[in-house]
Structures are given as structure tokens and as C-alpha cells.
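The residues making up each chain are set out below.
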Protein chains: 2
Amino acid sequence: MELSLLAPIGSVLALLFAVYLARRVLKADCGSERMRKISGSVQKGASAYLRRQYTGVAIFFAVLFAILLTMSIAGFLTPFVPFAFITGGFFSGLSGFIGMKIATAANGRTAHAASGSLNAGLRVAFSAGAVMGFVVVGLGLFDISFWFFFLKFWYANPDHLVVAAGQTFENAQIQSITSAMLTFGMGASSMALFARVGGGIFTKAADVGADLVGKIEVGIPEDDPRNPAVIADNVGDNVGDVAGMGADLYESYVGSIISTGALAVAAGMGFRGVIIPMAMAAIGIIASILGTFFVRTKEGASQKNLLSALRRGVWISSALIAVVAYPLIYFGLGAEYTGLYFAVICGLAAGILIGLITEYFTSDSYRPTKKLAGTSETGPATVMIGGLSLGMLSTVLPVLIVGIAVLVSYYISGGGTQFNMGLYGIGLSAVGMLSTLGITLATDAYGPVADNAGGIAEMAHMPPEVRERTDALDSLGNTTAATGKGFAIGSAALTALALIASYIAQIKVYQPDFVFDLSITNPTVLVGLFVGGVLPFLFAALTMESVGKVAQSIVVEVRRQFREIKGLMAGESDPDYARCVDICTRSAQREMILPALLAVIAPILVGLLLGVNGVAGMLAGATVSGFILAVMMANAGGAWDNAKKYIEGGAHGGKGSDAHKAAVVGDTVGDPFKDTSGPSINILIKLLSMVSIVFAGLVIRFSLF
Amino acid sequence: MELSLLAPIGSVLALLFAVYLARRVLKADCGSERMRKISGSVQKGASAYLRRQYTGVAIFFAVLFAILLTMSIAGFLTPFVPFAFITGGFFSGLSGFIGMKIATAANGRTAHAASGSLNAGLRVAFSAGAVMGFVVVGLGLFDISFWFFFLKFWYANPDHLVVAAGQTFENAQIQSITSAMLTFGMGASSMALFARVGGGIFTKAADVGADLVGKIEVGIPEDDPRNPAVIADNVGDNVGDVAGMGADLYESYVGSIISTGALAVAAGMGFRGVIIPMAMAAIGIIASILGTFFVRTKEGASQKNLLSALRRGVWISSALIAVVAYPLIYFGLGAEYTGLYFAVICGLAAGILIGLITEYFTSDSYRPTKKLAGTSETGPATVMIGGLSLGMLSTVLPVLIVGIAVLVSYYISGGGTQFNMGLYGIGLSAVGMLSTLGITLATDAYGPVADNAGGIAEMAHMPPEVRERTDALDSLGNTTAATGKGFAIGSAALTALALIASYIAQIKVYQPDFVFDLSITNPTVLVGLFVGGVLPFLFAALTMESVGKVAQSIVVEVRRQFREIKGLMAGESDPDYARCVDICTRSAQREMILPALLAVIAPILVGLLLGVNGVAGMLAGATVSGFILAVMMANAGGAWDNAKKYIEGGAHGGKGSDAHKAAVVGDTVGDPFKDTSGPSINILIKLLSMVSIVFAGLVIRFSLF
């Protein structure tokens, strides 16, 4: 039983390590007065946005809390469910908030450090990224541990527990615990969706708006202080790419652990089945902490050295996990469960492979992105066609890898003879994939910090070599971000599959004699598949349209300022930065409502109209099409971005050439692809499952079929 | 039994009507010497292309014929299968060929007639389109009837038939007939895929290449005779939009009839189950012929009048079918089968609704396309984002309509108590949807004729009002083409579902005791869903990349000619048209191989690796994601095209403005979307099913799972 203590220990270690890193970041010098002022505006804008966002989201949470409370009073849910929901949302938001705080504190410091050396800049930016990484995993595992121990203690009292006929006391206990934990996951996913969608709309609208007028119409460089949208753009990096990503990966992380734990009863593993994924996560945290110590470079390192420095950390952590997971499972569960070890390895390996493939398709060191850069010679249309087909093509291997991971982890865990054991193995492979999250997120989250540092260097008129250094860090960040997205999407697919299994298990709790017909020839399943398949498309359409709409209002505003503010172009007067921040804030708030409602309402509506089988079909359809669409959008976006950077590096005529202009169009389209719609789809597919699970009792009672 | 005679009667009527219309077209005046010369070059180029394409495809058919013959000798298939396969391919190709012949004969004649009046132009163009429409349905039903009667006669002899234990003689007979007919369908689908992909690559590469240099770089109008790619562009309209579409819809048409017939045994309907869809199709033909007589306009009709003239024909045909189908089913099958009547109506209504939604999203009379045109004010990036999100958004309602059609036709046909009867109803609703094909295809296929006529008018320096009239016809053709694509895609989804059911039925023929586990929680089904889901994306990626690649080589060639041929820009010397045609021809041939192989190899490979359940999953996954992707691509492409035309009509600064340039980028991206990748996906999802069915015997014997 002492295995269960690993999780709280791991979480505390992660949080302590985060505090240590944060202190290191804050000790660094903030730079000149002007840098402090700019950094301060970004900080202020980001805080203002998040405050507003959390206020808006609070209403949503209040409404859902009331609904869940009513359902729990009516006996559809256990009493802790509404509270678990709230805490999930709170901690997911908190992860993003802390990440944003440290990122905005680190941006100026990174710029200042980079004026010393590339390595110094990397150290500050990477530390800031690592704070976020360890806050996410630390808080995630902390909350899971809290609910686990608290509910275990509570339900140890037979008076608190309803034991169904034919059910053991232990299983009833686990079921009550895991179903509350799933609602906690639903809270985290809801918050993540708001953060990703709202933040994503903010950041990309500001970015697109700033670039469309600044770079293309007026012809001033990126991050030029004369551009009225430049502060909004930098705020966006923090609220979207940092706070949004933090909430997103918090959700992925706890989702994978919870969904696996929820299969423990069905797989016949008892409490150990809940504890193992938590313990795996704890091992991953310790391995990640150790891994960070290997991320360092010699002075004067090339970009390639930098990448291998970052990668070394991830590889060492993965290797440590691969070694330690074996005794964990062998001694923790027994020799007959070693198949589960291979499921973990399978997930770990699949994550790394998907990351490498993502890198192949999106890094300008390889053929696809180079070829894409070449299409810019014939104008924006061929850039678009090239990027879209690159994105589509890049989905094939990840699908095959996930497919192989599913089959291997299913059969190696014993799914051939014991169905639910196989599903448990699939869940565990998602946990394995995300076990290195502490360090992969660190290598990912430092990107926006470096990006911001570059902006500050530009606006503070620092010497050009500083900008060059932050650009090197940023461009590297693009590659690591793409890899990170690959992880997030791959694990989302596996987690979603585990959640579908949990959904079915949950239905059996409500109605043990329910006869499932999940065959794809059952028309309700089939229609469910279609409806689920279309949801990610609808979601992507809504979010992209929002970005377009908000970007257009920013364009109008920026044009107005250039027209009306005298001396702006000459650099004699300051633009009204705050107005652009304000427009983005208000619009992002408004635009995030519909997509979020969609995720909550669709599963309930489908449940009522098509019944349980239809919901299962919908979840499978959404997982399949969502996974593919998310990979496509993320990779197309990443490749466009890097193709543009490749041209800016001098290829095909370099900056200012027609080819560059065409590539900028690609990058602009890629922005909402890779930073708004694509990553939100991950969250969507899990949120759909969690909502289905939480409202399963309602659906089974009132559905048409 | 006399019901079975309806099909041959209908097919002969259609063919006779086509001959009558063709004579009417050919009687029209060909116009001036110059027009004849231009029309002649287009004709020559198109014939040269098709000759080459058929030669290439012949190799593919020869190889597959050999494989099928070997399999049939080895006892995996009945002896007629290889021959049925060949005839399917032959007649599908023939439909396209005849369509192309009449279209190239009609283009100059339409231009000449349009110099008299709009109505005269419409009459010639519409008659040419109708020839194609009735050739497609006539040949389709002819072949089906031929194989049906021939095989019925052959298998009436007990020596020719193997009757399995527990099977009635009649069922054994029907099974042998329908399995040969399915292979006939596979031949048609293979040919259609080649025609759509090859023709689609040709036409869009030529179009994109001509526009990129001509319109954007050199600044000469569309169809300017100085553009070296202008003849290739016009040839492309004929080999892609006409011959490709003919083969495509031939495939859809026979596919829906055959796949429904193949479910007759499982549904326990005997021979009547095979005959009813054939008879329905025959009724549709007669109704379509009558409908064409209502397509006429008064002189001086507006574009709106023209559209309602065309639409009147379709509506009247639909109404006739709705009336006559009732007695057909009531007296042909009996009162207990009236549910099937409503399935037909359901399909008919779904087709019309999908058409209307397609029109809403793609016509510049409605908000979405107008809004899309507005995004061009902020440059090509926002046009791209707007079009992609419009396309994604437009998938939602068609998915819901197909979903409702599936559920209603399933349950109303008695699926609630008799599963296979419900599936039969789904198949019959696809037949209902396509029953008006004769006339809908006529309203669709006249578009490219008008487009070509416009090109000829431009090149022959005819007075501007001629071009205005052909433009009016062409723009209308865009709307009807979009509607036609909606039909083709909608029916593809329903047909594909019927084919999945046929696949399962076929497996039971080979191994009656096979235990299916088609549950979406079965990992092989799940992985199949993923693999199937990614296939349309891979397919779209390959075809789009091909268009991009070939277009780039055309751009290089056109640029070279403008550079090297002295006096070309001044109109003093002629460009080398033939070279562009030749480049397109050779490249399209090369590029169509890989996508076609994919469609044939994927189901066999998945079958061998994942087994029967995996194949079923793959088919469902491909149907869902393919349907959504096809709708998205077709509608985004249509909307971009019409947004551009809307701007050319004077909005947002009109022709030559920056907004127009941005819209041209959208249109250029939309070209391969709507005319290459999108429509090919329809064929892909059915071809996957048919290949699975034909190779079912092999898969079940040698698969891993």
C-alpha cells in the first residue's frame, strides 16, 4: 500500500522544484528601465485578460455546479461530484495562471540575459518553462492525490457508501472515488477548453492583426513598437501559448491518470489499478527533475547543439522511466502483470516517435518544410495547397503509430483473454506517454518566453545580436512546441479511448443489465460516428472564424491608429496599445462561449436522441476525426511558420521577396491552425467523453433509444 | 416478374433520348472558321488525353483482370467476376468519353448560339449536358440489366451453380449474380477513380498554371489566346469536369443500385430485392426525360430565371418519382413493404436538402459566400481562413441530414425488428437520391460546356456580350455543379453504408459460422476506424500535391514561353499550346497511379493485418471522414470560386483590386479542392468497400486476426 504514497511525494517534489526554479528566474536581472516598462505592460495586459477570462468562466462553472448539485441531490451523482468539478477547473486555471506569471516575469529577464550570451538566455527561458512544466504536473498529481485519499478515507465508512447487489465493498468504494475524480477531470477539461480557445483566439487575432497591417501593409518589422497591436501580440503569447497550454496539458495529464484509474474495477485490479497510474506519474516527475539537470550547453553553441541539449534532458528522463517502471509493476502488481510494463513503454515510445515525425514534417531541417518553402516561389496559392497537403500527409504515420500502440498495449496487457484488462493497458500507455510531461512541457513552454523576449528586445531597441539570439531560441521553440503538440494529441487519442471504455463501465454501474449494441452496423452507432466525426470540424470552423473575425477588428483598429495618430509612423508619438489589448480581451471572451457550449451540449443531446450506443459512436467518431484534424492543423501550421522562418533565413530571396510575402500568408493561416483550433480539438475530444460520463445517469433515464 | 423489364426499357429510352439530343446539338451551327479551329484544338487535346489515359488504365485493368482470373480459377470467385470487372470499367470510361465528345462538339456551338441570345446558348449547352446525363444513366442501367438477365439465365441451370448447405436454390442464384455485379461496380469505380484523379489533376493544374502566370503575373484576362496554357485549360474542363464527372457519376449510379441489390438475400427479399432498385432507377429515367421538357426560359431571362428553369426540371422529375414509386412498391412488393417507399422518399428529400444547403453555402446570393468575399479586403490569408472555416461549417447540416436519412430509412423499412431489412432500406434511399440523376447531371454537365464556350468566345474575339452571356451560364453552372456534387457525396455516404453491409453479408457467404465482433470497443475495429479515417486525408494530400506539382511545371513552361517566344505578349506570334497540353497529359498519367493503388491495396492490407472486423472498421472510418472531408473541400472550393466571381461582378473594388487578387488566391486553392480531391474521395470510399468485398475470400483465409 505504500505505493500510493509515491503520488503525493512526487507532487510535492515537483512543486518544490518549481519554487526553486522560480526563485532562480526571479533572481535574474530585469534589464533597463524601458525593458521593465514594456514587460510591465505585457504583464498588466495578460493579468487583465486572465482576470476577465476567469470571471467569465466562473459563470459557466457556477451554472454547471448548480446543475451537478441538483443532479447529485436527485441521486444521479455522488455528493462530491460538484466539488470535484470545481477543483478541477480551479487547478487547471491556476496552472495556467502561474505559468503566465512566471513567463511574463521571465521575458524581460531572458532578453537581458541574452544580451550577455545565448546560453544565459536559454537558462532563464528554460527555467521559466520548467516552472510551468513542474507546476502543471505537481498540481495535477496533488489534486488527484488529495481526492484519492480524501474519498478513500470517506468511503471507508460503510455508512457513506451505497453498495449495489453483487458488488464488493472495495469495488463500490473505488467506483465512487473514480467517478468523482472523472468529474474533477471534466472541470479541468472545461477550464482548459476556455483557456485554449479564449487565449488562442486572443493571441492569434492579435498576431494576425498585427502582421497583416504591420508587416504587409505598412512594411514595418515584427514587434516594431510603432505597431499598435504589438503589446496585444505579446500579451497573446502569454495568455494563449502559456496560460492556455498550461491549462491544456494539466487537463491531458490528469485526464490520462484518471481515465486509467476509472478502468480499475472493470479490469478487476482493485485499488492497485487506481494507484499504479498515479505512481507511474510520480516516477515520471522524479525522472523529469533529474532530466532537467542535463539541459545545458557550452557557450557559443549552435542551434543544433541547443536542440540536442533540450532533447538530451527528455531522452534521459524517458530512459529513467523505462528502467524504473519495470520494478514498479513487477513488485507493485506481480509478475503476471509485466504486460502492463510493456504497455507503458509502448506509450512512451509512441510519444517519442510521434514527436520525431512531427519534427520531420515541421522543421526546416527536413524535406517537407523545405519543399513547402519552395512553393512560395509561385505565390500564396501554392503555399496554401502545399501546406494543407503536407498537413494531411503528416497525419498518416501518427495514426499508424497510435494504432499500433493501441493494438500492442491492448494485447500485451492481456486484452485477448480479458477485454477490460486490455483497455486498462491502453490507458496506461497514455500515462506512459505523458509521464515525461514535466520536462517535455519545460522544453515547450520556454518557446513563448523566448518569443516575448525577442519582442521586448525589439521594442527596447537592444542591439541586433540580442534579437538574433532570442530568435534562435524562439525558432528552436517552434520545433519543440510542435513536438509537444504531437505528445498532447497522441496522448489525447489514447486517453479518449480509455474514457470511452470508462463511459461504458459507468453505464453498467447505473444499469447493470443494459444490453449494448456497439456494432458499427447499428444505425445509432453509425449516426453517432458521423455526428462525432463532424464535431471537430464544426469546432475548428467556429474557432477559426472567431480568429478571423477578431483579427479583422484588430486590423481596422490598427489601420485607424496609423491614420489618426499623428507622427506614429515617424516614431514621434506612441500608439494606443491598451485599446488593442482591450478589443482582443472582449472579443475572445465573447467568441469562446459557443465552442465551449458545443462541447458540453453535444454529448447530452446526442445521448437523449441516440441513446447510449449513439454516444459511444459519437465519442469514437470524434476521437478519430479529431485526432486526425488536430494533427493536420498543428503540423500544417508548424510547417508554414518554419517555412517562413526558413525564407527569412535567406532562402528563395529572403525577407521582403515575393516568396517571403507568400510565406507570410501561409504563416498567417497557420497561426489559428496550430495555436487555436488544432490544440483545442484535443481538449474537445476528452471533454466530450467526460461530459458523457458525468451525464450518463441522466441520458440512460431519458433517452429516446 | 414483368417489373424486371422496366430496367432495360428505361435504359433504352435513356439512350434513345440521348441520341435525339445529340443530333439536336450537332445540328446547331459551329460558328466562324476561327471558332472551329479553336474548338478543334480543344477536341484534339481532349481526345489525345483520353486515348493516353485509357491506355494507361488498360494496364491496370489487365493486371487486376489477371489477379481476379487467378482467384476465380482458385475458387475464391465465380467465373464471371473478372469479366464483369472489365465491363464495369469499360462502360464507365465510355460514359465519360461520350460526354467529352458531345461537350467538345457543343462548346463552339454554344458560343455561336449565345451570340444570338442567352436562351439559345442555354438550349445548346443544356442539351449537351443532358446527352451526358442520359448516356450515364442509360449505359449504367443497360449494363446492370445485361448482367442481371445473362447471369440469371446462366445460373438457372443447376449445373452452373454451387448451392451451399442450408441455402435455397434461389438465394444461391441471387448471391452469384450480385457478387458478379459488385465486381462490375468495382470496375466502374476503378475507372472512375482514374478519370476523376487523372482528369482532375489535368484540369486543375492547367487552370492554376494558366491563372498564376496569366492573370497574376502577366496581367492578361482569363482565356486570353496569348496564354500558352489556355488550350490546356479548356481541354482540362472536358477531360476533368466532363469525362471525369461522367465516369464518377456512372459509378455512383450503378454503385447504389448494385449495393442495394446485393442486400436482397440477407433482407430475405429474393429476386424482387434485386429488381426493385433497378425498377426505381428506370422510373427515375422516365421522370428525368419528362423533366427536361420543362427546362426553358423566356428570352431576356435573368440569371435567377435561368436557375429556376433548371430547377423546375429537377423538381418536376422528383415529384413524378415520388408519385410513381408508391404503386411500384405497393403493387410490386406488397402493402407490407410500403416502409421502403418512405425510404426512397427520404433519400430523394435528403438529396434535395443537401443540394439546397450546398447552394446556400456556395452561392453568392447568400450570406456565407458574401461574407467570404468580404474577407478578401484584408488579404489572401483571411480569405483562406474564411473559406476553410466556411467549408468546415458547411459539413454539419449534410452530416445531420444523412444521419436522419439513415435512421429514418432504417427504422421505417423495418430495421427495428429485422436488421438487414433496415440496411436494405438505407441502400434504397441512396437509389432514391440518385434516381433523378439523368436530369441533375444534365443541369450539372452543361456548366463546363458553357465555360468552354466562354473560352472560345474570348479566343475568337467575339463581341463582349457573348462572353457576358456565357459567363452568366457558367456562373449558374457553378451553383448547379455544387448542388450536383452534394448529391454525389450524399449518395456516396449512403451507398458506402450499404456496401459495408454487403461486405458483412459476403463474409457470411464464405464462412457462415464467422463470429463478428464489430463493436467499436474491439481494438481491431477501433484501429480500423483510425486507419479508414486517415485514408481520405492521405488521398486528398496526394492528389492536391499532384495538382501543385503539375501546376508548378506548367507555370515554369508558361513563363518560359512568355520569355522566349518573341512577340507573344504583343499578340504577334502564337504560343505553343500543344506543349502545355502534353505536359499536363504526361504528368496527370504519372500522378494518378499512386492514389489509385492506395484504394486497391489499403483494404487488402488492412484485411490481412487486422482481419474482417478491422476492414469493417476501416470502411466505416473512411466513410465518415471521407464524407465530411469531401463536403468540406467541395463547398470551400465552390464558395471561393463564387466569392471571386462576386468580386468580379463589382463588389469590394471589382476586378483588378487587391481584394480581387486575394480572392483569386482563394479560388486557386479551391480548384483542386472542388474538382480533384473532393469528388475523388466519393469514389474512394466506395472503391474501398468494393475491393474489400471482392477480396473478402482471400482476406478471410490469410488474415492475421
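Residues numbered from 1 in each chain as written. Chains lettered and ligands numbered in written order. Predicted model: local features only at pLDDT ≥ 70, side-chain atom pairs only at ≥ 80, totals over all residues. Heavy atoms only, no water.

*Asks:* What am I meant to see in the overall build of chain A here?
*Replies:* What chain A contains, in helices and strands, is 20 helices and 0 strands. With the C-alpha coordinates aligned to their principal axes, the bounding extent of chain A is approximately 80 × 50 × 45 Å. For chain A, the share of sequence-separated contacts (at least 6 apart) that also reach a separation of at least 24 residues comes to 84%. As displayed, chain A has an accessible area near 21,300 Å², and 64% of this comes from carbon and sulfur atoms. Averaged over its 45 positive side-chain charges, chain A has a centre that lies 3 Å from the centre of its 45 negative ones. (Helix = DSSP H or I, 4+ residues; strand = E, 2+ residues; numbered from the N terminus. Contact = heavy atoms within 4.5 Å. Areas by Shrake-Rupley, 256 points an atom, 1.4 Å probe, with all protein chains shown as cover. Lys, Arg positive; Asp, Glu negative; His and termini not counted. Charge placed at Lys NZ, Arg CZ, Asp CG, Glu CD.)

*Asks:* Help me understand the packing of aromatic side chains, please; the structure alone is not making it clear to me.
*Replies:* We describe a pair of aromatic rings using the distance from one ring centre to the other and the angle between the two ring planes. In total, this model carries 62 aromatic pairs over all chains according to the counting rule given. Plain terms: the ring middles of B:F80 and B:W154 are 5.4 Å apart, the flat faces sit at 85 degrees to each other, and that makes the pair edge-to-face. Of this pair, B:F80 sits in the loop between α2 (33-73) and α3 (81-116) while B:W154 sits in helix α4 (residues 118-155), and the two are 74 residues apart along the sequence. Under the relative-accessibility criterion, B:F80 is labelled buried at 14%. A relative accessible area of 29% places B:W154 in the partly exposed class. By way of ring pairs, the aromatic residues A:F80, A:F146, A:W147, A:F150, A:W154 and A:Y155 are connected into one cluster. Here A:K152 stacks its cationic end above the ring of A:F271, 4.9 Å away from the centre of that ring. (Phe/Tyr/Trp six-rings, centres within 6.5 Å; stacked < 30°, edge-to-face > 60°. Buried < 20%, exposed > 50% of the residue type's maximum accessible area, 1.4 Å probe, protein only. Lys NZ or Arg CZ within 6 Å of the ring centre and 35° of its normal.)

*Asks:* Just to check I follow, could you spell out helix α5 (residues 169-218) of chain B for this structure?
*Replies:* At 3.6 residues per turn, the α-helix brings residues three or four places apart onto the same side. Residue and element names in this part refer to chain B. The end-to-end C-alpha distance of α5, which contains 50 residues, comes to 71 Å, matching closely the 74 Å that a straight helix rising 1.5 Å per residue would cover. Its axis deflected by about 30 degrees at D211, α5 carries its strongest bend there. Among the 50 residues that make up α5, 44 are buried, leaving the element largely enclosed by the rest of the structure. G219 sits one or two positions beyond α5 and adopts a positive phi of about 75 degrees. (Expected span 1.5 Å × (residues − 1). Bend = angle between axes of the 7 residues up to and from the residue.)

*Asks:* Looking at this structure, how should I read the packing of helix α3 (residues 81-116) of chain A against helix α5 (residues 169-218) of chain A?
*Replies:* For any two helices packed against each other, the geometry is given by the interaxial angle and the distance between the axes. Residues and elements named next belong to chain A. One way to put it is that α3 packs onto α5 with a least axis distance of 6 Å and a crossing angle of 40 degrees. One way to sum up the angle between α3 and α5 is to call them oblique. Both α3 and α5 take part in a crossing whose hand is right-handed. Contacts from V81, A84, F85, T87, G88, G89, S92 and G93 of α3 reach α5 at S179, A180, T183, F184, M186, G187, A188, S190, M191 and A192. (Axes fitted to C-alpha atoms, helices over the stretch in contact; angles between N-to-C directions. Parallel < 35°, antiparallel > 145°, perpendicular 65-115°, else oblique. Left-handed = near helix turned anticlockwise from the far one by under 90°.)

*Asks:* Hey, could you run me through the relation of the copies chain A and chain B in this one?
*Replies:* Mapping chain A onto chain B calls for a screw motion: a turn of 180 degrees about the axis and a shift of 0.0 Å along it, with 0.0 Å RMSD after fitting. The operation mapping one copy onto its partner corresponds to a two-fold rotation axis. The C-alpha atom lying nearest the rotation axis in chain A is that of A:S519; the distance is 2.0 Å. (Least-squares fit on C-alpha atoms with pLDDT ≥ 70 in both.)

*Asks:* What's the story with the environment of B:A58 in this structure? I'm lost.
*Replies:* All names here are of chain B. Tracing the backbone shows A58 in helix α2. Residue class for A58 comes out partly exposed when judged on its relative accessible area of 42%. Each C-alpha atom of the pair A58 and G89 lies 9.3 Å from the other, and the pair is 31 residues apart in sequence.

*Asks:* Looking at this model, I keep getting lost on the environment of A:W640. Mind explaining?
*Replies:* Residue and element names in this part refer to chain A. With respect to the secondary-structure elements, W640 resides in helix α18 (residues 593-648). Overall, the relative accessible area of 1% leaves W640 in the buried class. Separated by 62 residues in sequence, W640 and A578 place their C-alpha atoms 30 Å apart. Excluding anything up to four places from it in sequence, W640 contacts L372, V383, M384, G387, L388, G666, D667, V669, G670 and F673.

*Asks:* Mind showing me how you'd approach the pattern of salt bridges here?
*Replies:* Any two side chains of opposite charge can pair, given that their charged atoms come close. Enumeration according to the criterion identifies 48 salt bridges over all chains in this entry. A salt bridge links B:K674 to B:D675; the shortest N-O distance between them is 3.1 Å. Three or more residues are tied together by salt bridges with common partners; here these are A:K204, A:D207, A:K485, A:D641, A:K645, A:D671, A:K674 and A:D675. (Salt bridge = Lys/Arg side-chain N within 4 Å of Asp/Glu carboxyl O.)

*Asks:* What's the story with the interface of chain A and chain B in this structure? I'm lost.
*Replies:* How big an interface is tends to be stated in terms of accessible area lost as the parts join. In this complex, chain A contributes 70 residues to the contact, which on the side of chain B involves 70 residues. Across the chain A/chain B interface, buried area totals approximately 6,200 Å², and carbon plus sulfur atoms make up 86% of it. Of all residues in chain A, A:I520, A:F530 and A:F537 bury the most surface against chain B, accounting for 12% of the area lost on that side. Seen at the junction of chain A and chain B, the total is 2 salt bridges. (Buried area = accessible area lost by both parts, 1.4 Å probe.)

*Asks:* Can you walk me through a nonpolar patch on the surface in this structure?
*Replies:* Residues and elements named next belong to chain A. Nonpolar side chains collect at one region of the surface, where L5, I9, L13, F149, I286, L290, F293 and F294 lie side by side and expose about 660 Å² of accessible area between them. Those elements that provide at least two residues to the nonpolar patch are α1 (6-27) and α7 (270-292). Of note, I9 is situated in helix α1. (Patch = residues over 30% accessible without salt bridge, like charges linked within 9 Å, V, L, I, M, F, W, Y side chains within 5 Å.)

*Asks:* Which parts of the structure should I look at to understand the side chain of A:S189?
*Replies:* Residues and elements named next belong to chain A. Assignment of secondary structure puts S189 in helix α5. Exposure remark for S189: the relative accessible area of 0% places this residue in the buried category. Those residues in contact with S189, other than ones at most four positions away along the chain, are E251, I683, L687 and M690.

*Asks:* What is the right way to look at the confidence of the model for chain A in this model?
*Replies:* In regions of low pLDDT, the predicted coordinates are not meant to be interpreted in detail. Summarising the model, chain A shows a mean pLDDT of 89, and 99% of its residues fall at 70 or more. Interface predicted TM-score (ipTM) for the complex: 0.93; the corresponding pTM is 0.94. (pLDDT = per-residue confidence, 0-100.)

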